[in-house]
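Working through the structure, step by step
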Amino acid sequence: MASIARKLPVLPAARLAAHHCPRRCSSRLSLPRPLHSLAYLPPLSASLPRAPSASPRLSFRAPRIPIAAVAAVPPLSASAGRRLMAASAAAGGGGAGARWAEEEWDREVLVQHVVVGADQLQLLLELQRRIISEGVDLSDVAAEHSLCASREKGGMVGWITRGTTEPEFEEAAFKAKPGDVVRCKTKHGWHLLQVLGDRHAAVLDQVTVEEFARRLQEQYVLAAPHEGSAEGEGRSLEAELAEAEAESGGRRAVQLVDVREPREVELAAIPGFTVLPLSQFGQWGPTVADTLDPHTDTYLLCHHGIRSQQMAEWLKSQGFTRLYNIAGGIDAYSLRVDPSIPRY
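Residues numbered from 1 in each chain as written. Predicted model: local features only at pLDDT ≥ 70, side-chain atom pairs only at ≥ 80, totals over all residues. Heavy atoms only, no water.

1. Topic: the pairing of strand β5 (residues 203-207)
Among the 5 residues in β5, 4 count as buried, and that is most of the element. Both β5 and strand β9 (residues 322-326) contribute to a ladder of 5 bridges, which runs parallel. By the bridge assignment, Val207 is partnered in β9 with Ile326. (Buried < 20%, exposed > 50% of the residue type's maximum accessible area, 1.4 Å probe, protein only. Helix = DSSP H or I, 4+ residues; strand = E, 2+ residues; numbered from the N terminus. Pairing = 2+ DSSP bridges.)

Here it is, written out as structure tokens:
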């Protein structure tokens, strides 16, 4: 180990800071402490890395979704990427190609890595040999040799999806099988990466209030009687959802979550939503996976769509796979779908 270490030049802090991994990374955090005001979200986990200069506190008053300031945002949403890749593959041959494109976009892989300088290939090869032949843990190698800030977390990058990292890094990661240790070169230097697991990628999309209303009526409340029928009189959305859940053997067809404060819900509300106020995170956060099904379509609502987006990002980091943020929130719903709901 000492002979390998001697090959590394002593780099000043400024130069170390200039080396970045394809995706800034952080270790998975434990459940955040309770919130005491509307001003801040719970801390986010490994899937939401922070930029070095970004504040860990996110303001709900930002004019745009503030999560973009601290996370590497993919150029396409998951659904948009799937459609684009499938269409491209179909144009080039269709059939199996389209299915392969859909499957590839639906995957995400868990990766840790070591990055060294572009002129240090021999060092990387030696490190790869020691990991494969001698059983040295890549986490220890990253802590000692990596130029990336992720060395403090054993080189953990976290779960990545197509379109979120450097193309060369992505190609190597998605070709590797769990347990494989492979290398690639990007503009940041030589990478030695190990795939620790793979799974279907989570969906986190925006839906308009019109689309939300349509989906709720057409996809989930399938047994709703025609307007004006005796059977339909007095039936609420809660009753329809409960009936759909009972018919599916207890599995909810859809989950509706309102993250606003109780005083806001008193002013304006859409029937059928479970209220989980962000300021009460300490009460419901530790058991959210028991309250909600991580694999059921989950629609999130707030006043204007900002807090609900942040909630969606946090749920995704906790393993929820089908998340939809209602863009514009209840204010847009009142303006464009149901004017009987008061605005505030």
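2. Let's talk about the nonpolar core
Counting residues in hydrophobic clusters, the biggest one holds 18 residues, and the most contacted among them are Phe212, Leu256, Ile270, Phe273, Tyr299 and Ile326. Residue assignment for this core shows that the elements contributing at least two residues are β5, α8 (209-220), β8 (298-301), β9 and α14 (329-336). The next biggest cluster of nonpolar side chains, apart from the first, holds 17 residues, and it includes Leu204, Leu278, Trp314 and Leu315. (Core = buried A, V, L, I, M, F, W, Y, C linked by side-chain atoms within 4.5 Å.)

3. Quick word on the environment of Ile341
Here Ile341 shows up in the segment after α14. You can call Ile341 buried: its relative accessible area is 7%. When the C-alpha atoms of Ile341 and Ala268 are compared, they prove to be 6.0 Å apart, with 73 residues separating the residues in sequence. If we ignore the near neighbours within four places in the chain, the residues touching Ile341 are Ala268, Ala269, Ile270, Ile330, Tyr333 and Ser334. (Contact = heavy atoms within 4.5 Å.)

4. Topic: the side chain of Glu170
Considering the arrangement of structural elements, one finds Glu170 in helix α7 (residues 167-175). Separated by 3.3 Å, the side chains of Glu170 and Arg162 make a polar contact. (Polar contact = N/O pair within 3.5 Å; in protein donor to acceptor, adjacent residues only side chain to side chain.)

5. Observations regarding the pattern of salt bridges
Applying the stated criterion across every chain yields a total of 16 salt bridges. Residues Arg162 and Glu171 are paired through a salt bridge, measuring 3.8 Å at the closest nitrogen-oxygen approach. Here Arg214 and Glu211 are joined by a salt bridge, their closest N and O atoms 2.7 Å apart. In this pair, Arg214 and Glu211 are both assigned in helix α8, 3 residues apart and thus about one turn of the helix distant. Judged by relative accessible area, which is 33%, Arg214 ranks as partly exposed. Each of the salt bridges in this network shares a partner with another, and the network as a whole consists of Glu126, Arg129, Arg130 and Glu134. (Salt bridge = Lys/Arg side-chain N within 4 Å of Asp/Glu carboxyl O.)

6. Quick word on the sheet that holds β5
Spatially, the 5 strands line up as an open sheet ordered β5-β9-β8-β6-β7, and their pairing is parallel. Edge positions in the sheet fall to β5 and β7 (274-275), since each of these pairs with one other strand and no more. Summarising the sheet, strand β6 (residues 255-258) and β8 pair through 4 bridges and their orientation is parallel. Residue pairing in the sheet places Gln255 in a bridge with Thr298 of β8. Helix α13 (residues 306-317) rests against β5, β8 and β9 of the sheet, and its axis sits at about 170° to β9. (Axes fitted to C-alpha atoms, helices over the stretch in contact; angles between N-to-C directions.)

7. Focus: the side chain of Glu264
When you line up the elements, Glu264 lands in helix α10 (residues 262-267). Residue class for Glu264 comes out buried when judged on its relative accessible area of 4%. Of the polar contacts made by the side chain of Glu264, one reaches the side chain of Tyr344; its length is 2.8 Å.

8. Structural notes on the sheet that holds strand β2 (residues 156-161)
Backbone hydrogen bonds hold the strands of a sheet together, and the pairing may be parallel or antiparallel. Taking strand neighbours across the sheet as the criterion, the 4 strands line up as β2-β1-β4-β3 in an open arrangement whose pairing is antiparallel. A strand with exactly one partner marks an edge of an open sheet, and here the two such strands are β2 and β3 (181-186). Put simply, the sheet's adjacent strands are angled 40° from each other on average, direction ignored. The pairing of strand β1 (residues 107-116) with strand β4 (residues 189-200) spans 10 bridges and is antiparallel. Note on β4: the bridge partner recorded for Val111 is Val195.

9. Description of the packing of aromatic side chains
Scanning the entire structure with this criterion turns up 7 aromatic pairs. Ring geometry for Tyr299 versus Tyr324: centroids 5.0 Å apart, planes at 20°, classification stacked. Taken as a pair, Tyr299 in strand β8 and Tyr324 in strand β9 lie far apart in primary sequence, 25 residues in all. Each of the two residues, Tyr299 as well as Tyr324, counts as buried. Through successive ring pairs, a cluster of aromatic residues spans Phe212, Phe273, Tyr299, Tyr324 and Tyr333. Residue placement shows Arg215 over the ring face of Tyr324; its charged tip is 5.1 Å from the ring centre. (Phe/Tyr/Trp six-rings, centres within 6.5 Å; stacked < 30°, edge-to-face > 60°. Lys NZ or Arg CZ within 6 Å of the ring centre and 35° of its normal.)

10. Thoughts on the confidence of the model for the chain
On average, the chain scores 72 in pLDDT, and the residues at 70 or more come to 60%. Here helix α2 (residues 13-18) stands out as the least confident element of the chain, with mean pLDDT 42; α14 is the most confident, with 97. Across residues 1-20 the pLDDT falls below 50, and counting only partners more than four positions away or on other chains, this stretch makes 23 contacts in the model. A low-confidence stretch, residues 24-103 (pLDDT under 50), is modelled with 126 contacts involving residues beyond four sequence positions or located in other chains. (pLDDT = per-residue confidence, 0-100.)

11. Here's the deal with α13
With 12 residues, α13 ought to run about 16 Å at 1.5 Å a step, and its terminal C-alpha atoms sit 17 Å apart, in line with that. Most of α13 is tucked away, with 11 of its 12 residues classed as buried. When we look at burial in α13, the residues that qualify are Ile306, Arg307, Ser308, Gln309, Gln310, Met311, Ala312, Glu313, Trp314, Leu315 and Ser317. On its buried side, α13 packs onto β5, α10, α11 (281-284), α12 (288-291), β8 and β9. Of the residues flanking the end of α13, it is Gly319, one or two places downstream, whose phi is positive at about 100°. (Expected span 1.5 Å × (residues − 1).)

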